[in-house]
Amino acid sequence: YAISSNEDLLKLLFDLSVHVVVGGHTHEPMLRRFERARGKQPLWVVNPGTLFRENEPGFAVIDFPRARVDFHRCGAPGAKSTIATTGMLAT
């Protein structure tokens, strides 16, 4: 229902020139695949999460040539980030 009532997302879904959308409204890391017509590339929606929340701030790195998304979680200030999950932008 949420997808069918979201006109902006539907426009992107039917625009075959768009393959990846990056947004962050929910503040939760997410990689979601939306299927299109047979033989067409899917639409990928990447939500990197948030840097400004107390609960697990993080970011995402998208490697387009490798079709890979790595979600990183940030620890204490000065600490190295850790990879929480990895997803593939496979066709």
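In short, a report on the structure. All values reported here derive from a predicted model rather than from experimental measurement. (Residues numbered from 1 in each chain as written. Predicted model: local features only at pLDDT ≥ 70, side-chain atom pairs only at ≥ 80, totals over all residues. Heavy atoms only, no water.)

It is worth spelling out the overall build of the chain at this point. A tally of regular secondary structure across the chain gives 1 helix and 6 strands. Along the chain, helices (α) and strands (β) appear in the sequence α-β-β-β-β-β-β when read from the amino end. For the chain, the proportion of its 91 residues judged to be buried stands at 25%. For the chain, the proportion of contacts with a sequence separation of at least 24, taken over those separated by at least 6, is 29%. Looking at the chain as shown, the accessible area adds up to about 6600 Å², and 56% of this sits on carbon and sulfur atoms. (Helix = DSSP H or I, 4+ residues; strand = E, 2+ residues; numbered from the N terminus. Buried < 20%, exposed > 50% of the residue type's maximum accessible area, 1.4 Å probe, protein only. Contact = heavy atoms within 4.5 Å. Areas by Shrake-Rupley, 256 points an atom, 1.4 Å probe, with all protein chains shown as cover.)

Attention now goes to the pattern of salt bridges. With the rule as written, the count across this model stands at 3 salt bridges. Two residues, R68 and D70, come together in a salt bridge whose shortest N-O distance is 3.0 Å. Given the relative accessible area of 31%, R68 is considered partly exposed. (Salt bridge = Lys/Arg side-chain N within 4 Å of Asp/Glu carboxyl O.)

With that settled, consider the layout of surface pockets. Space inside the largest pocket adds up to approximately 250 Å³. Lining of the largest pocket is provided by 13 residues; of these, H25, T26, M30, V45 and N47 occupy positions nearest its centre. Within the residue set of the lining of the largest pocket, elements represented by two or more residues are β1 (20–22), β2 (30–34) and β3 (43–47). Looking at side-chain class alone, the lining of the largest pocket contains 7 nonpolar, 5 polar and 1 charged residues. (1 Å grid on protein atoms, 1.4 Å probe; cavity = no way out; pocket = protein on both sides within 12 Å on 5 of 7 lines; lining within 4 Å. Points joined across faces, edges and corners; volume = space filled by probe spheres on them. Nonpolar A, V, L, I, M, F, W, Y, C, P; charged D, E, K, R; others polar.)

So, on to the environment of G24. Residue placement: G24 occurs in the loop between β1 and β2. Since its relative accessible area comes to 33%, G24 is described here as partly exposed. Separated by 23 residues in the primary sequence, G24 and N47 place their C-alpha atoms 4.9 Å from one another.

Turning our eyes to something else, we now look at the sheet that holds β1. Ordered by their spatial adjacency, 3 strands build an open sheet running β1-β3-β2, and the pairing between neighbours is mixed. Every interior strand has two partners, whereas the edge strands, β1 and β2, have only one. Strand-to-strand twist in this sheet, taken as the mean axis angle between neighbours without regard to direction, amounts to 15°. Those strands touched by helix α1 (residues 7–14) are β1, β2 and β3, and its axis lies near 135° from that of β3. (Pairing = 2+ DSSP bridges. Axes fitted to C-alpha atoms, helices over the stretch in contact; angles between N-to-C directions.)

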